[in-house]
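Topology and contacts: notes
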Amino acid sequence: MTAATLSTTTREALIAAPAAAIPPAVRRGAWQLKAGQAISLRAQSRSVLRLRQGRVWVTRDATAQWGSEDLVVGPGESLVVEAGQRIVMEPWDGFGATYTWDQD
């Protein structure tokens, strides 16, 4: 969690929610992304996105060397995100996804 900057709304919702209201995957150190939901993550330091379940469509912001990039990341796959880089991701299909986001 420390590798990403969460929106205030997301952070407040997680802090304010009682333990029973937080999805089981979050309590185990993973995050769930519902079908139709999108999230933006910015790496504060070199980080790794790992998919536990489902597939996500990831768009990386453009850099000085490369244009923006679209990728599909599936279960068991990972994506390194460099410090300062931002990604936007959403589930590839109607089933949602479970992922972890950790410092590398």
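Coordinates for the structure precede this section.
In this report, we go over the structure that sits alongside the text. (Residues numbered from 1 in each chain as written. Predicted model: local features only at pLDDT ≥ 70, side-chain atom pairs only at ≥ 80, totals over all residues. Heavy atoms only, no water.)

Digging into the side chain of Gln85
We count it as follows: Helix and strand assignments come from DSSP, with helices taken as H or I runs of at least 4 residues and strands as E runs of at least 2, each series counted from the N terminus. We call a residue buried when its accessible area falls under 20% of the maximum for its residue type, exposed when it is over 50%, and partly exposed in between, using a 1.4 Å probe and counting protein chains only. Polar contacts, as counted here, are pairs of nitrogen or oxygen atoms within 3.5 Å of one another; within protein the pair requires one atom able to donate a hydrogen and one able to accept it, and residues that are adjacent in sequence qualify only if both atoms are side-chain atoms. Any pair of residues with heavy atoms lying within 4.5 Å of one another is described as a contacting pair.
Along the chain, the position of Gln85 falls in the loop between strand E6 (78-81) and strand E7 (86-91). On the accessibility criterion, Gln85 (13% relative accessible area) is buried. Here the side chain of Gln85 touches Arg60 through a polar contact of 3.4 Å, side chain to side chain. Those residues in contact with Gln85 that sit more than four places away from it in its chain are Leu41, Arg42, Ala43, Arg60, Asp61 and Thr63.

Overview of the pattern of salt bridges
Cut-off, in case you're wondering: Should a side-chain nitrogen of Lys or Arg be within 4 Å of a carboxyl oxygen of Asp or Glu, the pair is scored as a salt bridge.
For the structure on display, the rule yields four salt bridges. For Asp61, the salt bridge identified is with Arg86, shortest N-O distance 2.8 Å. One end of the pair, Asp61, is in the loop between strand E4 (56-60) and strand E5 (69-73); the other, Arg86, is in strand E7, with 25 residues separating them in the sequence. Each of Arg46, Glu82 and Asp104 takes part in a single network of salt bridges with overlapping partners.

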